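# Understanding the architecture of this molecule
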Number of protein chains: 2
Amino acid sequence: MTSSRPFNFAPGPATLPEPVLRQVAAEMLDWHGSGMSVMEMSHRGKEFGSILEAAERDLRELLAVPANVRILFMQGGGLGENAIVPMNLSRGGKVDVVVTGSWSRKSAAEARRYADVQIAADIGKSHKIPTDWALRDDAAYVHVCTNETIDGVEFHELPQLANGVPLVIDVSSHVLSRPIDWSRVGLAFGGAQKNIGPAGMTMVFVRDDLLGRALNICPSAFNYETVAANQSMFNTPPTFAIYVAGLVFQWIKGLEYGGKQGLAAIEQRNIDKAALLYGALDASGFYENRVDPSCRSRMNVPFLLKDEKLNDTFLAEAKAAGLLSLKGHKSVGGMRASIYNAMPLEGVQALVGFMQDFEARHG
Amino acid sequence: MTSSRPFNFAPGPATLPEPVLRQVAAEMLDWHGSGMSVMEMSHRGKEFGSILEAAERDLRELLAVPANVRILFMQGGGLGENAIVPMNLSRGGKVDVVVTGSWSRKSAAEARRYADVQIAADIGKSHKIPTDWALRDDAAYVHVCTNETIDGVEFHELPQLANGVPLVIDVSSHVLSRPIDWSRVGLAFGGAQKNIGPAGMTMVFVRDDLLGRALNICPSAFNYETVAANQSMFNTPPTFAIYVAGLVFQWIKGLEYGGKQGLAAIEQRNIDKAALLYGALDASGFYENRVDPSCRSRMNVPFLLKDEKLNDTFLAEAKAAGLLSLKGHKSVGGMRASIYNAMPLEGVQALVGFMQDFEARHG
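What counts and how
Residues numbered from 1 in each chain as written. Chains lettered and ligands numbered in written order. Predicted model: local features only at pLDDT ≥ 70, side-chain atom pairs only at ≥ 80, totals over all residues. Heavy atoms only, no water. Helix = DSSP H or I, 4+ residues; strand = E, 2+ residues; numbered from the N terminus. Rg over C-alpha atoms; globule rule 2.2 N^0.38 Å. Buried < 20%, exposed > 50% of the residue type's maximum accessible area, 1.4 Å probe, protein only. Contact = heavy atoms within 4.5 Å. Areas by Shrake-Rupley, 256 points an atom, 1.4 Å probe, with all protein chains shown as cover. Pairing = 2+ DSSP bridges. UniProt positions renumbered as here; feature names shortened; annotations may be inferred. Buried area = accessible area lost by both parts, 1.4 Å probe. Salt bridge = Lys/Arg side-chain N within 4 Å of Asp/Glu carboxyl O. Polar contact = N/O pair within 3.5 Å; in protein donor to acceptor, adjacent residues only side chain to side chain. Nonpolar A, V, L, I, M, F, W, Y, C, P; charged D, E, K, R; others polar. Lys, Arg positive; Asp, Glu negative; His and termini not counted. Phe/Tyr/Trp six-rings, centres within 6.5 Å; stacked < 30°, edge-to-face > 60°. Lys NZ or Arg CZ within 6 Å of the ring centre and 35° of its normal. Least-squares fit on C-alpha atoms with pLDDT ≥ 70 in both. Right-handed = clockwise from strand over helix to strand, strands pointing away. Axes fitted to C-alpha atoms, helices over the stretch in contact; angles between N-to-C directions. Parallel < 35°, antiparallel > 145°, perpendicular 65-115°, else oblique. Left-handed = near helix turned anticlockwise from the far one by under 90°.

What follows is about the overall build of chain A. Counting secondary structure elements, chain A contains nine helices and 16 strands. Compactness check: chain A gives a C-alpha radius of gyration of 21 Å against a globular reference of 21 Å for 363 residues, within 12% of the reference. Each of the 363 residues in chain A was classed as buried or not, and the buried ones make up 64%. Intrachain contacts of chain A at a sequence separation of at least 6 include 66% that bridge at least 24 residues. When the accessible area of chain A is evaluated, it comes to approximately 12,900 Å², of which 50% is carbon and sulfur surface.

The following block contains the structure:
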C-alpha cells in the first residue's frame, strides 16, 4: 500500500494509519446510520457503548491481557499519570524508580509529591540501561519507562523483580508495538498519541489486587478503583479518541506482514524498520546513534549529523522530499525519526534513501 | 440552513454544528496542505501552534475575556476539575459551595478531600435557586455551578460577592451560550462536550492573582500556574479537541441571527429556542417543567409526561420522527431536551411540533 501523503516522523502526536483516517472522515456526519458523529453521541447511549466495548475487547485480545488485569480508558495524559500512579499505588510509602531517560526522570520527580522516592539506578550519560538496581523490598512499586521517547532507549525484556514488588511500566511510546509479558507487570499505562490515536486519551492496565489503595487526596475521576467499577464511565471519557483508538486496534488486527498477522505482524514490521534505519546509521561515518545496541528503541531513533552545521539544511531538504518532523528533541539535539506502528516500511526506506543521498552530496 | 440529519438532544457529548463536522471531515487527511491530519501533528510544531493561538484568540474575543484572565486548555474533564480547582485554590482552607443541583453537589463532595467545605445554600427540592447564602469572609473561594445540566437550573445573573471572596463558576454546560460578567469571576471552568467540541478538553479561565496557590499534592499537569506558564503546553494538550473547538469558535463568530452576530446572535437564538420550548410546556396540561421561571436553563430543559406510562412510547416515536436522545437523566426521570448552541431553531420547532402531535394523539 503506497500513500500520496508525506511521511511524518513526529514523536507524538504522530502519524496514524491512512485507512483509519479515511474511515473517520467518512463516518464524521453519520456513524453507522445513527445520524450522529461519534463526537456528538452521549457516552451513556448504546451506540458509544458498543464502540467502547469493542475497543476494550480488541485491545485485550491484541495484547493478550489476562482476566485479572483491568483496562481503563481515562483522561489526563501520560504526564498526568506520573502523579495519578503514585496517588493510587504508593500508599504514601516507598517508590523505587529506574531512570533511563527524560521520562522516567520526570516520573520520579512527580512521585516525590506523594512518596519516598529512591532512584534505583540511573542511566546517566551512558546510553545503556544499567543492570545493577538498588531495590527496596518494602517499596510499594518499582517504576520503569519501557521506551524513552526522547532518548531512544527501550527495554527489550521486562525485568523480573525477585522481591515480588509490583512493577509499573510507562508504555506510552511503544504500546502495541510488541507483546507485553503480563506475568511481570502490576500496572502499565500510556498516553494514546504515539501508537494509538489522538492526544487526550490515557490507557491504564491495572492488576485487580492493586485497586483500592488510593490516597484520600486522589481525585475521584483519577481513582482506578472508581474508574474500574464504572467501566471507564465514572466521568465522560474521551469518546472520540476511544473511537479512533478502536479503529486503530482493528487495523492492527487485520495487518499482515512477513507471513504474520496482527500484533506479531506489526512487531515484525517494527523490527525490520528499526534494523533498516540503525543499519544505515551504523554503516555511515556521517550519522551517529549513540544508544547501546542492547537497548535501542524500535520506535524512536535519535541520531546526530557529525557536522551539526548541516542540521538545518538536512531538515529543509528532508521536508522538501516529503519527510516531515525529523528535528530532534531540544534536550538532545540533532535528529529523531519516530517510526511508530503506523509508519510503513516504505517510509523508512524513503528516509534511508534520502539520508544516503544527503551524505553523498554533503559528506 | 436545514439539515438532513436527525436532531440530537443529547446532554453532552452533544450535537455540533454541521458545517464544522464537514470541515473536520474534509481536512482529515491533509490540514491546510500540511500533509497531516491535525491528530498527527506534533503539538510543538508551527501548524498546531497556529491552531492553538487562533482558538485562544477567538475564545478570548467571543467572551471578551480581560487581559488579566488566563485561558488554559487542559485535560481531565469537568469532573476532574472538581478536584483540580480546590487543589489549586483552596490552600487547604475554607470553601463555600452553593448547591443548586447534582453537579454542584458533586463539586462539594470532591472539594472535601482538600478543604473545609460549607454548603452556603442548598436548592433541595425547591427547583428555585436560594437567595440566602451563608458565606464566610475567610473562605478561599465560593463555588457555583452556573448551569445544572441534570436539573435544568441556570443563573441568569452572576452573584456579586460583597465580601471580596473569589467566585468560581462551573460553566461546563452553558459556556459560550451567553456573555460572562468577568468583573464578578475569579475562575471559570468547563468541559468541552456540551457547547464546544469533543469530550476530553477542559477550559479554565483564571485570574492572574489566583495563580501560584496550589497545594503541593497538585499534579504538575494540573497546576494552573505551570500550565499557564507553558501556554497550555506543559504536557501534550488534547490537540484534536482544541482544533474542533477552534472551528466552533469560528462558527459562532460568523453566525447571524435576529440582526445580531457572534455571541449576541447565539444568545438571542438560545433565548428564542428556550422561550419556544418552555412556552409549549407551560401551555400544556400534558407536559410539565418544574423549575422556577426565574432560573430555568436555556440549555437543558427537563420535562415530565404527566402520565409516565407513556414515556417509552414518547421516546420511541420521537426517535422515529428524527428527534434523538430525549431520555431524562436517571436521577430525575422523564425527558430532557438539551438545546445547546449547535441546536438550530428548526430543531426546537420540530420537537414542539412533535410534542403537540403526540399530546393530540395520546392526551
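Residue and element names in this part refer to chain B. Burial analysis of strand E14 (residues 300-305) places six of its six residues in the buried class, which makes it a mostly covered element. Both faces of E14 are covered, namely the face carrying Asn300, Pro302 and Leu304 and the face carrying Val301, Phe303 and Leu305. Sheet analysis places strand E13 (residues 287-288) next to E14, joined by two bridges and oriented antiparallel. By the bridge assignment for E14, Tyr287 is matched with Leu305. Of the strand pairs in this sheet, E14 and strand E16 (residues 335-338) are connected by four bridges, and their pairing is antiparallel. In the strand pairing of E16, Asn300 is matched with Ser338.

Another aspect to go through is the sheet that holds strand E14 (residues 300-305) of chain A. The strand order across the open sheet built from three strands is E13-E14-E16 (chain A), with neighbouring strands paired in antiparallel fashion. Looking at strand neighbours, the two that pair on one side only are strand E13 (287-288) and strand E16 (335-338) of chain A, the edges of this open sheet.

A word on the UniProt feature "domain: Aminotransferase class V" (unreviewed entry) in chain A. Mapped onto this numbering, the UniProt entry gives "domain: Aminotransferase class V" (unreviewed entry) at residues 7-351 of chain A. End C-alpha to end C-alpha, residues 7-351 of chain A measures 9 Å, and it is 31% helix and 18% strand.

It is worth spelling out the interface of chain A and chain B at this point. Taken together, the contact between chain A and chain B spans 58 residues of the former and 58 residues of the latter. Both sides together, the interface formed by chain A and chain B hides about 4,500 Å², and carbon and sulfur atoms give 61% of it. In terms of surface lost to chain B, no three residues of chain A exceed Leu29(A), Met39(A) and Glu40(A), which account for 15% of the buried area on that side. If you look at where chain A meets chain B, you find two salt bridges. The shortest N-O distance in the salt bridge between Glu40(B) and Arg5(A) comes to 2.8 Å. One can count 24 residue pairs in polar contact (both at pLDDT 80 or more) joining chain A with chain B. At the level of elements, helix H1 (18-26), helix H3 (77-89) and helix H6 (239-254) of chain A are the ones that each hand at least two residues to the side of chain A that touches chain B. Sort the elements by how many residues they give to the side of chain A that touches chain B and H3(A) lands first, with six residues. Here the residues of the side of chain A that touches chain B are counted per class, giving 31 nonpolar, 19 polar and eight charged.

Glancing now at the side chain of Arg269(B). All names here are of chain B. Mapping Arg269 onto the fold places it in helix H7 (residues 263-282). Buried charged residue Arg269 carries no salt bridge. Nearest counter-charge: Glu346, at 5.5 Å. If we skip the residues at most four places from it in the chain, Arg269 touches Trp251, Leu255, Tyr257, Asn341, Ala342, Met343, Pro344 and Leu345.

Next up on the list: the packing of aromatic side chains. One pass over the full model with this rule turns up 24 aromatic pairs over all chains. With a centroid separation of 6.1 Å and 80° between ring planes, the pair formed by Phe303(B) and Phe314(B) is classed as edge-to-face. In this pair, Phe303(B) sits in strand E14 while Phe314(B) sits in helix H8 (residues 311-320), placing the two residues 11 residues apart along the sequence. The burial state of Phe303(B) is the same as that of Phe314(B); both residues are buried. Members of the aromatic cluster, each reached through a chain of ring pairs, are Phe286(A), Tyr287(A), Phe303(A), Phe314(A), Phe354(A) and Phe358(A). Over the aromatic face of Trp103(A) sits the side chain of Lys106(A), whose NZ or CZ is 4.5 Å from the ring centroid.

Moving on to the relation of the copies chain A and chain B. Overlaying chain A with chain B gives an RMSD of 0.0 Å, the required rotation being 180° about an axis along which the chain moves by 0.0 Å. These values place the two chain copies in the arrangement generated by a two-fold rotation axis. Of all interface residues in chain A, 100% are interface residues in chain B too; the two copies therefore contact each other through one and the same surface.

Residues and elements named next belong to chain B. Here six bridges tie strand E3 (residues 94-99) to strand E4 (residues 116-122), and the two strands are oriented parallel to one another. Opposite Val95, over in E4, you have Val117 as the bridge partner. In this fold, the crossover linking E3 to E4 by way of helix H4 (residues 102-111) has right-handed handedness.

With that settled, the discussion passes to the packing of helix H3 (residues 77-89) of chain B against H4(B). Residues and elements named next belong to chain B. One way to put it is that H3 packs onto H4 with a least axis distance of 9 Å and a crossing angle of 45°. The angle between H3 and H4 places the two elements in the oblique class. Seen from above, H3 lies across H4 with right-handed handedness. For the pair H3 and H4, the contacting residues are Leu79, Asn82, Ala83 and Pro86 in the first and Trp103, Lys106, Ser107, Glu110 and Ala111 in the second. Tallied by class, residues from the contact of H3 with H4 come to five nonpolar, two polar and two charged.

We now examine the side chain of Thr146(A). Residues and elements named next belong to chain A. Within the secondary structure layout, Thr146 lies in the loop between strand E5 (141-145) and strand E6 (147-148). Side chain to side chain, Thr146 and His174 meet in a polar contact 2.7 Å long. With sequence-adjacent residues up to four places away left out, Thr146 is seen in contact with Val153, Glu154, Phe155, Leu158, Ile169, Asp170, Val171 and His174.

Here we come to the environment of Ala280(B). Residue and element names in this part refer to chain B. One can find Ala280 in helix H7. The class for Ala280 is buried, based on a relative accessible area of 16%. With 271 residues separating them along the chain, Ala280 and Phe9 place their C-alpha atoms 17 Å apart. With residues up to four places along the chain from it excluded, the contact list for Ala280 reads Val352 and Gln356.

Bringing unusual backbone geometry into the picture now. All names here are of chain A. Here the residue pair Gly12 and Pro13 is connected by a cis peptide bond, since its omega of -10° sits within 30 degrees of zero. Position of Pro13 among the secondary structure elements: in the loop between strand E1 (7-8) and H1. Although it is not a glycine, Ala64 adopts a positive phi angle of roughly 50°. Along the chain, Ala64 turns up in the loop between helix H2 (46-62) and strand E2 (69-74). Under the relative-accessibility criterion, Ala64 is labelled exposed at 55%. Positive phi, close to 60°, is recorded for His127, a residue that is not glycine. Considering the arrangement of structural elements, one finds His127 in the loop between strand E4 (116-122) and E5. Given a relative accessible area of 32%, His127 falls into the partly exposed group.

Here we come to the sheet that holds E4(A). The pairing of strands in a sheet happens through backbone hydrogen bonds and is either parallel or antiparallel. All names here are of chain A. The strand order across the open sheet built from seven strands is E2-E10-E9-E8-E5-E3-E4, with neighbouring strands paired in mixed fashion. Each edge of the open sheet carries a strand with a single partner, namely E2 and E4. In this sheet, adjacent strand axes meet at a mean angle of 20° when their direction is disregarded. Contacts between H2 and the sheet are confined to E2 and strand E10 (202-207), with E2 contributing the most and set at about 130° to the helix.

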